[in-house]
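# A structural walkthrough
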Amino acid sequence: MGDILQLVLKRLGLGLITLLVISFLIFFAVELLPGDIAQAVLGQAATPETVAALREKMGLDQPALVRYFQWLGGAVTGDFGTSLISGERVSEAISDRFINTLFLATYAAVIAVPISIILGVIVALLRNTIFDRVANVVTLTSISSPEFFLGYILILYLAVKTQYFPAIASLSSDMSFGELLHRTFLPALTLVLVVTAHMMRMTRAAIINLLASPYIEMARLKGVPPWKVIVKHALPNAWAPIINVVALNLAYLITGVVLVEVVFVYPGIGQLLVDAVSKRDFPIVQACCLIFAATFILLNLAADVGAILTNPRLRHPK
Amino acid sequence: MNSFVIGYYALLIGASCLAAYFKQRQIFLLIFSLTLVSFVTGIVGGVPALRFITIAAGLLALAAGVSYAFREFLIIITPEGVAKELRTAPLTAAFGMFVIFTYAIAGIFAPVIAPFGEAEVISSAFAPADENMLLGADQLGRDMFSRIIYGARNSVGLALTATGLAFILGAFAGLMAATKGGWFDQLMGRVADVIMSVPSLIFALLMLSIFGTSLVVIVIIVALIYSPRVFRLTRAVAGNVVVMDYIEAAKLRGEGNWYLIRKEILPNSTAPLVAEFGLEFCFVFLLIAGLSFLGLGIQPPTADWGSMVRENATLISFGELTPLIPAAAIALLTVAVNFVVDWMLFRSSGLKEV
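Bear in mind the structure is a predicted one, so any value in this text is a computation, not a measurement. (Residues numbered from 1 in each chain as written. Chains lettered and ligands numbered in written order. Predicted model: local features only at pLDDT ≥ 70, side-chain atom pairs only at ≥ 80, totals over all residues.)

## Some thoughts on the domain arrangement of chain A
Residue and element names in this part refer to chain A. Heads up, the rule is: Here the bounds of each domain stem from an automatic or database domain assignment. In this description, a residue-residue contact is defined by the distance between C-beta atoms placed from the backbone, which must lie within 7 Å. A run of DSSP states H or I qualifies as a helix once it reaches four residues; a run of E qualifies as a strand once it reaches two. Both are numbered from the N-terminal end. Each residue is assigned to one class: nonpolar for Ala, Val, Leu, Ile, Met, Phe, Trp, Tyr, Cys and Pro, charged for Asp, Glu, Lys and Arg, and polar for all the others, Gly among them.
Each domain of chain A was delimited in the assignment, giving domain 1 (2–76) and domain 2 (95–315). Put simply, the middle of domain 1 and the middle of domain 2, counted by C-alpha atoms, are 32 Å apart. Across the boundary between the two partners, domain 1 contributes 17 residues, which contact 14 residues of domain 2. The set of elements that each furnish at least two residues to the side of domain 1 that touches domain 2 consists of helix H1 (2–31) and helix H2 (37–42). Along the lines of polarity and charge, the residues of the side of domain 1 that touches domain 2 split into 12 nonpolar, three polar and two charged.

## Observations regarding the packing of helix H11 (residues 226–263) of chain A against helix H13 (residues 282–310) of chain A
Residue and element names in this part refer to chain A. Under the convention used in this document: As a rule, the C-alpha atoms of each element are fitted with a line to give its axis, helices using only the stretch in contact, and angles between N-to-C directions run from 0 to 180 degrees. Roughly parallel refers to an angle under 35 degrees, roughly antiparallel to one over 145, roughly perpendicular to one between 65 and 115, and oblique to any angle outside these ranges.
Two numbers describe how H11 lies on H13: the axes approach to 8 Å, and their chain directions differ by 175°. In terms of their interaxial angle, H11 and H13 are classed as roughly antiparallel. Every residue of H13 that contacts H11 at Trp239, Ala240, Ile243, Asn244, Ala247, Leu248, Leu250, Ala251 and Ile254 is listed here: Phe292, Thr295, Phe296, Leu299, Asn300, Ala302, Ala303, Gly306, Ala307 and Thr310.

## Brief notes about unusual backbone geometry
Basically, it comes down to this: Counting other C-beta atoms within 10 Å of a residue's C-beta gives its exposure: the residue is buried at 20 or more, exposed at 12 or fewer, and partly exposed in between, where C-beta atoms are placed from the backbone.
The backbone of Arg280(A) sits at a positive phi, close to 55°, despite the residue not being glycine. Inspection of the secondary structure puts Arg280(A) in the loop between helix H12 (269–279) and H13. For Arg280(A), a count of 19 C-beta atoms within 10 Å puts it in the partly exposed group. Residue Lys23(B) is not a glycine yet carries a positive backbone phi of 60°. Assignment of secondary structure puts Lys23(B) in the loop between helix H1 (3–21) and helix H2 (25–77). Residue Lys23(B) is classed as exposed on the basis of its 8 C-beta neighbours within 10 Å.

## Some thoughts on helix H6 (residues 144–180) of chain B
Residues and elements named next belong to chain B. Cut-off, in case you're wondering: Residue count minus one, scaled by 1.5 Å, sets the expected span of a helix. Throughout, bend refers to the angle between the axes fitted to the seven residues that end at a position and the seven residues that start at it.
With 37 residues, H6 extends 52 Å between its outermost C-alpha atoms, agreeing within 8% with the 54 Å of an ideal straight helix rising 1.5 Å per residue. Where H6 bends most, the angle comes to about 35°, and this point is glycine 151. Counting buried positions over the 37 residues of H6 gives 28, a clear majority of the element. Looking one or two residues beyond H6, the residue adopting positive phi is glycine 181, at roughly 65°.

Now the structure itself:
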């Protein structure tokens, strides 16, 4: 057990270092601005006095490295400073929206993961039949479509023409859980369509890879019935790739969520980020980017650790 | 039960019986499961659902026909060696090539094909389609059809430029890393790790918020974001080539790094790189489309598919299909490129799945 723990800790440490580098990047990218934040906020027409005043207010007179550590220290405790536009605390603007985004992503994942794994296994078993080819074309089409295309198609057919679901996912705090699921169904479904296609293809590839290995052939040759080959021989070894596939795709969800939130006017952190980018509200942009990047790294880390835990061969690196 | 429904089922059942009689198991399974699905959808959705299935099947057959004809056409006009390869192409790949060809024509000859200029206001906002305007007008009264044609030039052109730059950067760094090794390899590897550990859209948003949204900035940022993928592939592929004896021989002859890359390594690693170019183009194209959709890509009045979807999105709440056409154009091109890449990967890897 000690080996595994050490290995996992090593990965965690690596992830932490990556995150640190990313935070450095996110902070100093803003420093690259021609002039500085104060100048960018006030525009070219500002008098030098007002720029200097704002600079002092924002603490820009301190060296960048000091400000970086202040910012990082704040970020760790959930304090990202104040918005340049509204003057609101960034953490307040983000906290509710972050929960909304998490809810949407979880909703999509709960639907997508079981469906895509089951479909992926079925398609792998039916490989090289006409169903497999049809599934290949359908999933490829789904992957290739931009999220907003799928989203608007769903709005057109399930909201505007038939009115089964609302087109705009407006949320309020006094909604029942069922109502909430109904309101957010279309954005979740859009995410499900994209992620399911990815996951299905990857699951299929993983299972087919596995079915080509000698011990499966051996089992077949000694006359084990096909379902038993899958359940007893293939599945225990398939967990590692499947966990990997799931974690990688959840990471993919994080990016997909931004576009989907904008399409459905969903009050999530992705929409906040897009708004902040067009208004050049840097503290919010930095905070959102950091959160997205951290989630992304965390999920990739989970994929790594999951693969290590389920694959005995990885536990003993040479 | 009207005559359409009776004809529909008669055709399906007749076709499945024929397929079964001629021992075409696959085709039989497909047609018969379509019949069963039709029973269910017919009960739930009624005649419109069946009509929808018919139209979809008809479109699919049309696409198959076009791709078959296009493949035969290509086989005839290309020289012997290429034609032999093309004969092995599946219909999906032929379809992909046909679509890419069409887009290329539309993009190159946009001013000739489009009836109006891309920024020309010719009627009132959201005017419906008439004999002048094939698809109606957009939110400012510009011709939708002309803008879609121009979009082929602007959106695809931008994505191609960005992909090209990403490729030059990534491939160059990858080849250098593979030939030089050592600290350069390590450094580039770590830089690639960092870039790849941030989701691409998020990275792009961060950079665009800082540098603004001019075309040059978009191209450079997108190229930077996607070059690590090329870097890793090139490094891996070139890494396999570098250990070959003929490289050793060239080194002993005293050839420089540049010669090695250009004359020995590159020719031996083109196949996977070409496939990667297609894949990379899809990613870049989707990212740029996403950015334009968010209003951070190509700025108006230049016609661009992503921003056209956003500008006309209000039409969707009136049940109009038109805003979806530019989005469909994006999806179609990406699918087409993916189809072709799928075939090329299959061919170059000699991948024959069990």
